[in-house]
Amino acid sequence: LDVLHRWTHNPDLIGILTAQWGDYGLPPSQSSFGIHALIASHYFDGASYPIGGASRIAETIAPLIENNGGRVVVGADVAEIVVRDGNATGVKMSDGREFHSSIVVSDAGARNTFERLVPPAKTPRTQAPLPIQADLRRIPGSMAHLSLYVGIKQSAAELGLNGTNLWIYPTPDHDANMARLMSNPSAPFPALFISFPSAKDPLFETKHPGRATIEAVAFAPYAPFAQFESTAWKHRGQDYDALKTCLAERLRRELELAVPEIAGKIDHAELSTPLTTRHFMNYQQGEAYGLAATPERFRARSLTPHTPIRNLYLTGQDVTALGVTGAMMGGVVAASAILGRNLMSKVTKPLG
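Residues numbered from 1 in each chain as written. Predicted model: local features only at pLDDT ≥ 70, side-chain atom pairs only at ≥ 80, totals over all residues. Heavy atoms only, no water.

Asker: What am I meant to see in helix α13 (residues 274–281) here?
Answerer: Because an α-helix packs 3.6 residues into every turn, residues spaced three or four apart end up facing the same way. Of the residues making up α13, those classed as buried are Pro 274, Leu 275, Thr 276 and Thr 277. Among the structural elements, β5 (144–152), α11 (223–226), α12 (238–258) and β9 (266–272) are those in contact with the buried residues of α13. (Buried < 20%, exposed > 50% of the residue type's maximum accessible area, 1.4 Å probe, protein only. Helix = DSSP H or I, 4+ residues; strand = E, 2+ residues; numbered from the N terminus. Contact = heavy atoms within 4.5 Å.)

Here it is in structure tokens:
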């Protein structure tokens, strides 16, 4: 916002120029101009979608890992990164098993890694706290979100859906919209993102003829959900279920207003909440993007693949930028650091 104010004081123009703030989850007065410029320029040539859906990313990568002697394990909860004499030597699982390795790479996020997985008593005996731990105390987490997953018994073509993402805002003043929601959870959603996966995927109609899927995503404060932290997934009680039903209905109404072609045609709708993200991703307050996209976050010199613990590396979106492409580039940078090679020179074009 500071940068844009050097060029214009037209609030509507500023609202339009900053309308992609949802892609990194922080309104203009709080966010870094650098990350906004990076993401806006990234989309100038459009975006891309994995043919066959998002699951194809993992399905394509897993054989490469396994063919080179690796293993992909799911449902395996890591309780601790094992550190001995200032060196990462492996991981300890929640069932007590230990796996030893010469290098440990964490994609759990910087905060999870250094506030939950690295045992404090075993970090190097330098000035406490470690630089990265001090930085993490200054950098907030990103916003949590709600996501309504919608299924319809008609194809995207029959419904007239073309796959274009929609960003919808109550007013051009994104900061005021967010402030209203934070003070009153019943206020209008400060941003509503609507995506049409089945319309983007050329294989969807072949695999699921006569069907369409839609996602409606809105940012939400974590506080209303904190009271249910101790409950179990799918067994959180009547009060939580009532809250979910209310929020799902709000999102459904907003979706049908924005996409009137589907009004009255929704066959199935299911809502995820910040607690869903906490359960599946281990982000403790349901953060959608890991660390918040503040200028302070991008000034932090500790957020690199190298960590103060020997043989422990960070990867993912906290290392570079936020989102899918940020996480991918975090992987490239981490691989460069581990191998001591400039793999970035081989990246010739941004991917969407």
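Read on, since the account is not over.
Asker: What should I look at first to understand the sheet that holds strand β7 (residues 192–195) in this one?
Answerer: Where strands meet in a sheet, backbone hydrogen bonds hold them as pairs that are either parallel or antiparallel. If you trace the five strands from one edge of the open sheet to the other, you get β6-β7-β8-β5-β9, paired in antiparallel fashion. Edge positions in the sheet fall to β6 (166–168) and β9, since each of these pairs with one other strand and no more. Each strand axis lies, on average, 15 degrees off the axis of its neighbour in the sheet, ignoring direction. Here β5 runs beside β9; their pairing, made up of six bridges, is antiparallel. The residue bridging Ser 147 from the neighbouring strand is Ser 272, located in β9. Contacting β5, β6, β7, β8 (212–220) and β9, α12 runs over the sheet at an angle of about 125 degrees to β9. (Pairing = 2+ DSSP bridges. Axes fitted to C-alpha atoms, helices over the stretch in contact; angles between N-to-C directions.)

Asker: Just to check I follow, could you spell out the environment of Ser 55 for this structure?
Answerer: Mapped onto the fold, Ser 55 is located in helix α4 (residues 55–67). Under the relative-accessibility criterion, Ser 55 is labelled partly exposed at 41%.

Asker: It is not clear to me how the side chain of Arg 111 should be interpreted in this structure. Could you clarify?
Answerer: Among the secondary structure elements, Arg 111 is positioned in helix α5 (residues 110–117). Separated by 2.4 Å, the side chain of Arg 111 and the backbone oxygen of Leu 136 make a polar contact. There is a polar contact of 2.5 Å between the side chain of Arg 111 and the backbone oxygen of Ile 139. Contacts of Arg 111, omitting those with residues within four sequence positions, involve Arg 116, Leu 136, Ile 139, Pro 140, Gly 141, Leu 291 and Asp 318. (Polar contact = N/O pair within 3.5 Å; in protein donor to acceptor, adjacent residues only side chain to side chain.)

Asker: Would you explain the nonpolar core in this entry?
Answerer: Across soluble globular proteins, nonpolar side chains show a tendency to be buried alongside one another. Core analysis: the largest hydrophobic core is formed by 29 residues, its most contacted members being Leu 146, Ile 214, Leu 251, Leu 255 and Ile 262. Of all elements in the fold, only β5, α7 (156–159), β7, β8, α12 and β9 reach the threshold of two or more residues within this core. Ignoring anything within four residues of it in the chain, the contact list for Ile 262 reads Ile 152, Leu 159, Ile 214, Leu 255 and Glu 256. By size, the runner-up hydrophobic cluster in this structure holds 21 residues, among which are Ile 81, Ala 110, Leu 314 and Val 319. (Core = buried A, V, L, I, M, F, W, Y, C linked by side-chain atoms within 4.5 Å.)

Asker: How should I be thinking about the sheet that holds strand β2 (residues 87–93) in this particular structure?
Answerer: Pairing is antiparallel across the open sheet formed by three strands, whose spatial order is β1-β2-β3. Edge strands, defined here as strands with exactly one partner in the open sheet, are β1 (78–84) and β3 (98–100). Each adjacent strand pair in this sheet contributes to an overall mean axis angle of 30 degrees, direction not counted. By the bridge criterion, three bridges tie β2 to β3 in an arrangement that is antiparallel. Pairing of Gly 90 across the sheet is with His 100, part of β3.

Asker: Please clarify how the pattern of salt bridges should be interpreted in this entry.
Answerer: Side chains that carry opposite charge are capable of pairing whenever their charged atoms lie near each other. Within the structure shown, the criterion is met by eight salt bridges. A salt bridge links Arg 278 to Glu 229; the nearest nitrogen and oxygen atoms lie 3.7 Å apart. Taken together, the residues span a long stretch of sequence, with Arg 278 in helix α13 and Glu 229 in the loop between α11 and α12 at a distance of 49 residues. With a relative accessible area of 34%, Glu 229 lands in the partly exposed category. A salt bridge links Arg 252 to Glu 256; the nearest nitrogen and oxygen atoms lie 3.8 Å apart. Here Arg 252 and its partner Glu 256 are both found in helix α12, four residues apart, which amounts to about one turn of the helix. Given the relative accessible area of 26%, Arg 252 is considered partly exposed. (Salt bridge = Lys/Arg side-chain N within 4 Å of Asp/Glu carboxyl O.)

Asker: Honestly, the packing of aromatic side chains in this entry has me stumped. Any pointers?
Answerer: One pair of aromatic rings is described through two measures. These are the centre distance and the angle between the planes. Evaluation of the coordinates by the stated rule reveals seven aromatic pairs. Arranged with centres 4.7 Å apart and planes meeting at 40 degrees, the rings of Trp 167 and Phe 193 form a pair that is tilted. Pair noted here: Trp 167 is in strand β6 and Phe 193 is in strand β7, with a separation of 26 residues, a long-range link. Among the residues examined, Phe 193 registers a relative accessible area of 17% and is labelled buried. Through a chain of ring-to-ring contacts, three or more aromatic side chains come together here, namely Trp 21, Trp 167, Tyr 169, Phe 193 and Phe 219. (Phe/Tyr/Trp six-rings, centres within 6.5 Å; stacked < 30°, edge-to-face > 60°.)

Asker: What's the story with the packing of α5 against helix α6 (residues 131–138) in this structure? I'm lost.
Answerer: The axes of two packed helices give the description: the angle between them and the distance between them. At a minimum axis separation of 10 Å, α5 and α6 run at an interaxial angle of 115 degrees. When you trace α5 past α6, the crossing you get is left-handed. Here Ala 110, Arg 111, Phe 114 and Glu 115 of α5 lie close against α6, whose contacting residues are Ile 132, Gln 133 and Leu 136. (Left-handed = near helix turned anticlockwise from the far one by under 90°.)

Asker: Would you explain a nonpolar patch on the surface in this entry?
Answerer: Together, Ile 57, Ile 61, Ile 65, Val 72, Val 74 and Val 324 make up an exposed nonpolar region whose accessible area comes to about 560 Å². Looking at the nonpolar patch, the element that brings in the most residues is α4, giving three residues. With respect to the helices and strands, the residue Ile 65 is situated in helix α4. (Patch = residues over 30% accessible without salt bridge, like charges linked within 9 Å, V, L, I, M, F, W, Y side chains within 5 Å. Areas by Shrake-Rupley, 256 points an atom, 1.4 Å probe, with all protein chains shown as cover.)

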